[in-house]
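Topology and contacts: notes
Single-letter residue listing:
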Amino acid sequence: MNADLKRIRTEAETDLLEAFANAEDQLPGRAETHAARRARMALFEREGLPHRRIEQWKYTDLRTLVRQLAPLAAQTANASAPAPAVEGAVQIVLVDGFIMHHDAVPAGVELRSLRTALEEGAVELEGPSTADRAIDALNSAFVADGVIVSIAPGASISTPLEIVFLKSPSASMSHSRAHIIVGEGAQATIIERHVGGAGEAVQSTIVTRYAVAEGASLDVLRVQDDGAEAVHLGETAIDIAGDTAVRLMHLGTGAKIARVETRATFRGEGSRFDVCGVTMAARRQHLDHTLYVDHLVPGCESTETFRSVIDDAAKGIFQGKIVVAQDAQKTDAQMASDALLLSETADMVAKPELEIFADDVSCAHGATCGELDDDLMFYLLARGIPHPQARKLLLHAFLSEALETFDSHAFEDVALAAIEAWLTDHANADEAASAS
Amino acid sequence: MLEIKNLHARIADDGTEILKGVDLQIPDGQVHAIMGPNGSGKSTLSYVLAGKEDYEVTEGEVLLDGENILEMDPHERANTGLFLAFQYPLEIPGVATMTFLRTALNANRKARGLDELSTPDFMRVVKQKAAELNISMDMLKRPLNVGFSGGEKKRNEILQMALLEPKMGVLDETDSGLDIDALKVVSDGVNALRDPKRSFLVITHYQRLLDHIVPDVVHVLSAGRIVRTGDKDLALELEARGYADIIADAA
Ligand SMILES: Nc1ncnc2c1ncn2[C@@H]1O[C@H](COP(=O)(O)OP(=O)(O)OP(=O)(O)O)[C@@H](O)[C@H]1O
Ligand SMILES: [Mg+2]
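Note that the coordinates shown come from a computational prediction; the quantities given were computed from them, not determined experimentally. (Residues numbered from 1 in each chain as written. Chains lettered and ligands numbered in written order. Predicted model: local features only at pLDDT ≥ 70, side-chain atom pairs only at ≥ 80, totals over all residues.)

**Thoughts on the overall build of chain A**
The cut-off we apply is this: For the purposes of this entry, the term helix denotes a DSSP run of H or I that reaches at least four residues, the term strand denotes a run of E that reaches at least two, and both are numbered from the N terminus. Computation of the radius of gyration draws on C-alpha atoms alone. For the globule rule, the value is 2.2 Å times the number of residues to the power 0.38. Burial in this document is a count-based property: other C-beta atoms within 10 Å of a residue's C-beta are tallied, and the residue is buried at 20 or more, exposed at 12 or fewer, or partly exposed in between, with C-beta positions derived from the backbone. C-beta atoms are placed from the backbone for every residue, and two residues are taken to be in contact when these atoms lie within 7 Å.
The secondary structure content of chain A amounts to 8 helices and 19 strands. Against the compact-globule benchmark of 22 Å for 436 residues, chain A has a radius of gyration of 21 Å, which places it among compact chains. Considered along the principal axes of its C-alpha atoms, chain A spans approximately 70 × 50 × 45 Å. Counting over 436 residues, chain A shows a buried share of 50%. In chain A, the proportion of contacts linking residues at least 24 apart, taken out of those at least 6 apart, comes to 83%.

Quick look at the structure:
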């Protein structure tokens, strides 16, 4: 073997290859599936974990951020899921990627085990083995179970379906996957709940794939509330057919290191996609949201609204790339990322990009990063509102402005409660720190 | 009683001195007016009283009922009974006016050792005071001052004062931007708050306001000092002759 081609692998990279070699026999799927898994793994054999010299991973260098790999999680018999985020939601609970249990689903909804589908060859894991799809590649190589949710064409499902991606509280690596198929003209509400792990070093990849057929409408809430030591690598990919409306809300407060990728692709005309994101980071958290919106066809609209509050020595990253293909005339895409830094050591990187090949489009992006406005603070203080409360009011106001897409929607209440909880915890943590 | 003694203040950023020895005493129950040319330091005085961090006091003291408020944080000054109606009230998107009013009122009550008002009690109080100032409940549901007209913002300031019932109200150009009817409404609002235990410092450029809110004493501030003090007729004199003579006399 040529010595030049050999890179020095980190301990985590060596362990990753070894973990795959040891696990491969037990992973479900026929010969083709296994070939696909090996092809995806080859990426890591060749390149290792994504690192800063790869453009899309410049700010989230997994090679340095993830030094040690936890052992692959085995299926656990029981764990307790949290109460639903939205009252009355039907829960489908995955523990470390394995289906644990699910509530009875309404008519028009069908659940299948991804494991069975893989064994029967009904689902393929093919995809590009390139560094920009590293999360999907890693997940595809290892995934052993998961859920396929199908919404029948024309079905209007008013009950939210909550997929709980629960991590058991022990240092382990897990790979979870869900495929959601929304039939023609159907309506559905999906909640992705990423929780668990307690204070343990859990590492997970979570891939959710949505295929939204013509005339359908879909609302998705993704709550990333993993434990304080978690590494969370998530990808949500949404394929949008014509005349559909998809809304996505992302709330990111959990994990020590999180990279969440949202990938929306317009494949049919006359559709819209609205995504809003709220990120709240403290301590030494590293929370990365990377967004790709591909306008491949004409006449679609998208809005991307992200707000972040970063405190302590935490780091926030927003990368947003909107691509408008040459054919995609009359595209309207509006992207904004705004951040507030609450301490001198807090950091925010925003990298919005537009790549436009069509000439008749209306596209804009903007990014701001600043501190709390002293004059606004003073106005509140001058009315007798004490400092912590005034700060909380302003932060609440700043973050909640990202939620306009979901005005009067059940998701808005979840978001407001999450913001409130974070600000309260946070004010308390600050108080405790200043008292000691 | 508000006592301002030899107050010197400068801009924290660059050290420029703006207030150069202000002396002023406002006994309980009185209304004092401050007039003076643009840039003479009127708003600066009001901000220094309220505790804005942009300014540094280098000399002097300010006593409210004998307590030195310069040692207090801004919110403590407010809760001790000092109220500043801003010349330019700020817009805060995302904070509903009602939420703001309620938070402020409850913070005040808490500081005074009173229980928070229940929602119905609070609504009743707000409704009544807003009606007196011709403020619609719809307006109060909107984000604080966002998209409010100039006059609406000023009326909103007075509503806040009416709710917080301070000992000392400092009104910085509350009349500017008001139409004739609104001026009357706002003045009536202030006059309704007049009380033997409450005093006001009214900053204005126009004698007209002082026809409605009749001052006990009128001061002229020029280049950071009070250069002339008189009764309400001083305002008429200024209206007729301008500041030039008075400032020249003082120099
Ligand atoms: N934060 C600041 N930074 C820089 N300069 C300031 C600041 N605040 C006040 N000044 C300056 O101090 C002087 C006094 O300003 P101030 O606003 O107090 O005047 P004023 O008497 O209220 O004027 P007006 O009648 O126009 O409202 C002005 O020259 C102003 O530019
Ligand atoms: Mg002024």
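**Quick notes on the pairing of strand S1 (residues 90-95) of chain A**
Residue and element names in this part refer to chain A. We count it as follows: For two strands to pair, DSSP has to find at least two bridges joining them.
Summarising burial for S1: 5 of the 6 residues are buried, a large majority. Note: S1 against strand S5 (residues 161-167), 6 bridges, orientation parallel. Among the inter-strand pairings, Val90 is bridged to a residue of S5, identified as Leu161. Where S1 lies against strand S2 (residues 98-102), 4 bridges are found, and the strand directions are antiparallel. When the sheet's bridge partners are listed, Ile92 is paired in S2 with His102.

**Brief notes about the interface of chain B and chain A**
Definition in use: Just so you know the grouping, Ala, Val, Leu, Ile, Met, Phe, Trp, Tyr, Cys and Pro go in nonpolar, Asp, Glu, Lys and Arg go in charged, and all remaining residues, Gly too, go in polar.
With 20 residues of chain B at the interface, the matching set in chain A holds 18 residues. Looking at the side of chain B that touches chain A, the elements that each hand over two or more residues are helix H2 (74-80), strand S7 (92-96), helix H3 (97-111) and helix H6 (150-164) of chain B. If one sorts the elements of the side of chain B that touches chain A by residue count, H3(B) sits on top with 5 residues. Broken down by class, the residue content of the side of chain B that touches chain A amounts to 12 nonpolar, 6 polar and 2 charged.

**Points about the site of ligand 1**
Residues and elements named next belong to chain B. Rule in force here: In this text, near has one meaning. A residue is near a molecule or strand if its C-beta atom, placed using the backbone, is within 6 Å of it.
Taken together, Ile11, Ile18, Gly36, Asn38, Gly39, Ser40, Gly41, Lys42, Ser43, Thr44, Asp54 and Gln87 make up the full set of residues adjacent to ligand 1. Looking at the shell around ligand 1, the element that brings in the most residues is helix H1 (residues 42-50), giving 3 residues. Of the residues that constitute the shell around ligand 1, the class distribution is 2 nonpolar, 8 polar and 2 charged.

**Digging into helix H2 (residues 31-47) of chain A**
Residues and elements named next belong to chain A. For the record, the criterion: One fewer than the residue count of a helix, multiplied by 1.5 Å, yields its expected span.
Over its 17 residues, H2 extends 25 Å from the first C-alpha to the last, a length consistent with the 24 Å expected when each residue adds 1.5 Å. Listed as buried for H2 are Arg37, Arg40, Met41, Leu43 and Phe44. Lining the buried residues of H2 we find helix H1 (11-23) and helix H5 (134-142). Two residues or fewer past H2, Gly48 is found with a positive phi of approximately 75°.

**A short note on the packing of H3(B) against H6(B)**
All names here are of chain B. Stated precisely, the cut-off is as follows: Lines fitted to C-alpha atoms define the axes here, with helix axes fitted over just the stretch in contact, and angles between the N-to-C directions of these axes take values from 0 to 180 degrees. Should an angle fall under 35 degrees it is called roughly parallel, over 145 degrees roughly antiparallel, and 65 to 115 degrees roughly perpendicular, with every other angle called oblique. Two helices crossing with the near one rotated counterclockwise from the far one by less than a right angle form a left-handed crossing, whereas a clockwise rotation gives a right-handed crossing.
Packing of H3 against H6 leaves a shortest axis separation of 10 Å and a crossing angle of 30°. When the axis of H3 is compared with that of H6, the two are roughly parallel. In this structure, H3 meets H6 at a crossing whose hand is right-handed. Residue-level contacts link Thr97, Leu101, Ala104, Leu105 and Asn108 of H3 to Asn156, Gln160, Leu163 and Leu164 of H6. Considering only residue class, the contact of H3 with H6 consists of 5 nonpolar, 4 polar and no charged.

**Description of helix H4 (residues 119-132) of chain B**
With 14 residues, H4(B) should reach 20 Å at 1.5 Å per residue; the first-to-last C-alpha distance of 20 Å fits that figure. Note on H4(B): the residue one or two positions beyond its end, B:Asn134, has a positive phi of about 55°.

**Here we look at the sheet that holds strand S2 (residues 17-26) of chain B**
Residue and element names in this part refer to chain B. One open sheet holds the 4 strands; their spatial order is S2-S1-S4-S5, and the pairing between them is antiparallel. If you trace the sheet from one side to the other, it starts and ends with S2 and strand S5 (67-68), each paired once. The pairing of strand S1 (residues 2-11) with strand S4 (residues 55-64) spans 8 bridges and is antiparallel. Of the residues in S4, the one forming a bridge with Lys5 is Glu61.

**What about the environment of A:Gly108?**
All names here are of chain A. Position of Gly108 relative to the elements: it lies in the loop between S2 and strand S3 (109-113). For Gly108, a count of 17 C-beta atoms within 10 Å translates into the label partly exposed. Taking C-alpha positions, Gly108 is 24 Å from Gly97, a pair spaced 11 residues apart along the chain.

**Here we look at the packing of H6(B) against helix H7 (residues 180-193) of chain B**
Residue and element names in this part refer to chain B. Contact geometry of H6 with H7 gives a least axis separation of 10 Å together with a crossing angle of 10°. In terms of axis orientation, H6 runs roughly parallel to H7. Between H6 and H7, the residues in contact are Gly151, Lys154, Arg155, Ile158, Met161 and Ala162 and Ala182, Val185, Val186, Gly189, Val190 and Leu193, respectively. Considering only residue class, the contact of H6 with H7 consists of 8 nonpolar, 2 polar and 2 charged.

**Some thoughts on the confidence of the model for chain B**
Cut-off, in case you're wondering: Predictor confidence is given residue by residue as pLDDT, running from a minimum of 0 to a maximum of 100.
With 100% of its residues at a pLDDT of at least 70, chain B reaches an overall mean of 95. If you check the scores for this complex, the pTM reads 0.91 and the ipTM reads 0.96.

**Remarks on unusual backbone geometry**
Here the phi dihedral of A:Asp312 falls at roughly 50°; this positive angle occurs in a residue that is not glycine. Summarising the element assignment, A:Asp312 is placed in the loop between strand S15 (301-310) and strand S16 (315-324). When the 18 C-beta atoms within 10 Å are taken as the criterion, A:Asp312 is described as partly exposed. Of note in this structure, B:Ala223 is not a glycine but carries a positive phi near 45°. Locating B:Ala223 in the fold gives a position in the loop between strand S11 (217-222) and strand S12 (225-230).

**Some details on the pairing of strand S6 (residues 82-85) of chain B**
Residues and elements named next belong to chain B. Here S6 shows two buried faces, one formed by Leu82 and Leu84 and the other by Phe83 and Ala85. Two strands pair when backbone bridges link them, and S6 and strand S9 (residues 168-172) are joined in this way by 4 bridges, in the parallel orientation. Each bridged residue has a counterpart across the sheet, and for Leu82 the counterpart in S9 is Met168.

**Some words on the sheet that holds S6(B)**
Strand pairing within a sheet occurs via backbone hydrogen bonds; the two strands may be parallel or antiparallel. Residues and elements named next belong to chain B. Spatially, the 6 strands line up as an open sheet ordered S6-S9-S10-S3-S11-S12, and their pairing is mixed. The open sheet is flanked by S6 and S12, the only strands paired with a single partner. Each strand axis lies, on average, 20° off the axis of its neighbour in the sheet, ignoring direction. Across 5 bridges, S9 lies against strand S10 (residues 199-203) in parallel orientation. Along S10, the bridge assignment pairs Met168 with Ser199. In the packing of H6 onto the sheet, contacts are made with S6 and S9, and the angle to S6 comes to roughly 170°.

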